Amino acid sequence: MKDYQEFIILPDGIHLSQYLDGELETYASEELTRSIGLNPMLRDEVEGLRDTIAVLNHMPSHQAPRRRHSCLENMPRRRFRPSQIGYWSDTARFPFEAAFNIVLMALLMALYLGVLPATDLEIEPAAKTPIDQGHK
Amino acid sequence: MHGDRRIFRELVRLYQDRIYNLCYRLLGSEEEAKDVSQEVFITIFRKIESFKGTSRLSTWIYRVATNHALNRIKSMKRRRYKQTLSLTREAVERRANMAVFPRPDQLLCAKQLELYLQEELGRLDQDQRTVVVLRDMEGLSYQDIGQVTGLNAGTVKSRLHRGRTRLKEALERWFEEQNERVTNERKAEAG
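Note that the coordinates shown come from a computational prediction; the quantities given were computed from them, not determined experimentally.

Caption draft 1: Geometry of the side chain of Arg25(B). With respect to the helices, strands and loops of the structure, Arg25(B) is situated in helix H1 (residues 2–27). Polar side-chain contacts of Arg25(B) include one of 2.8 Å to the backbone oxygen of Pro60(A). With near-sequence residues (within four places) excluded, Arg25(B) lies in contact with Met59(A), Pro60(A), His62(A), Glu114(B), Gln118(B), Leu121(B), Arg129(B), Val133(B) and Met137(B).

Below you can see the structure in the form of structure tokens.
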């Protein structure tokens, strides 16, 4: 048996990879299975490759980072809606600021257009000066 | 145009993790992978009309991504970018923490193993690394790898096998070192 093992023609490594990937023809695959059963060195080689592939298969998959303004997410242009006040600027994102700005604008507009009620102050005529009386 | 954007958004959703992971494994750097994967999607958006349908869409996307990553490796070499393929230890540990393993000792082992394997991947020849990543991490068939890389079937097989063999040897070294370390620790505890 030992003599027989020494004369087994070892397949080249490329075939071992194909064998493990299930890419060998059925006949070649069966032959190789038989050879592996007879040759411990070959068996070790195949087992080592199989373990390596298994480890690589189970390497953790890395997720793409999700960012709010990521180029990947936001490349398709978003439609602007009036409700999105502060959309363009990070600093004006708070609704309080936006609300304050709106109220202030409304007050200024109202003052400009004279919508606000007039004050009760009455302007009295100026007192007659001596010069005015002398002319008379 | 609006429909195109909707389809593109769906493409991004479907492929962003796969493309990022591919770039990360080829480049070994999170920052570079992020940058390149964005470039990949911009290219896809601009050149989707050049996709003839002779291969699957996923194969075409992988080809775009692989070309971008390999170009980036070349440009990094030109810039003598020393951090290429040397993943920072913190980044690996952070990522490994996200993987689900049932026991702390397994988690620790997985962290170390991922760090080690990523470094060994970086030491592989560029073509071998590409083929190994596409086959053993992304699960592409030999035929698809040929279409992505433009290599014939025989070259794909030989590069894949050489890459795997080098990684197998590296893994054997790693396991030997681990066994030796455990044995020494037990001896120290007993002594």
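Now that the structure has been shown, we can carry on.
Caption draft 2: Here's a closer look at the packing of helix H7 (residues 142–149) of chain B against helix H8 (residues 153–190) of chain B. Residue and element names in this part refer to chain B. At a minimum axis distance of 9 Å, the contact between H7 and H8 shows a crossing angle of 100°. By the angle between their directions, the pair H7 and H8 is classed as roughly perpendicular. Between H7 and H8, the residues in contact are Tyr142, Ile145, Gly146 and Thr149 and Val156, Lys157 and Leu160, respectively. For the contact of H7 with H8, the residue count by class is 4 nonpolar, 2 polar and 1 charged.

Caption draft 3: Region of interest: the nonpolar core. Counting residues in hydrophobic clusters, the biggest one holds 49 residues, and the most contacted among them are Ile19(B), Ile44(B) and Leu117(B). Contributing elements (two or more residues each) for this core: helix H4 (40–57) of chain A together with H1, helix H2 (30–47), helix H3 (57–78), helix H5 (104–123), helix H6 (126–137), H7 and H8 of chain B. Contact partners of Ile44(B), with chain neighbours within four places excluded, come to Phe8(B), Leu11(B), Trp60(B), Ile61(B) and Val64(B). Counting 10 residues, the second-largest nonpolar core is a separate cluster that includes Leu16(A), Leu20(A), Ile36(A) and Val46(A).

Parameters and conventions
Residues numbered from 1 in each chain as written. Chains lettered and ligands numbered in written order. Predicted model: local features only at pLDDT ≥ 70, side-chain atom pairs only at ≥ 80, totals over all residues. Heavy atoms only, no water. Helix = DSSP H or I, 4+ residues; strand = E, 2+ residues; numbered from the N terminus. Polar contact = N/O pair within 3.5 Å; in protein donor to acceptor, adjacent residues only side chain to side chain. Contact = heavy atoms within 4.5 Å. Axes fitted to C-alpha atoms, helices over the stretch in contact; angles between N-to-C directions. Parallel < 35°, antiparallel > 145°, perpendicular 65-115°, else oblique. Nonpolar A, V, L, I, M, F, W, Y, C, P; charged D, E, K, R; others polar. Core = buried A, V, L, I, M, F, W, Y, C linked by side-chain atoms within 4.5 Å. Buried < 20%, exposed > 50% of the residue type's maximum accessible area, 1.4 Å probe, protein only.

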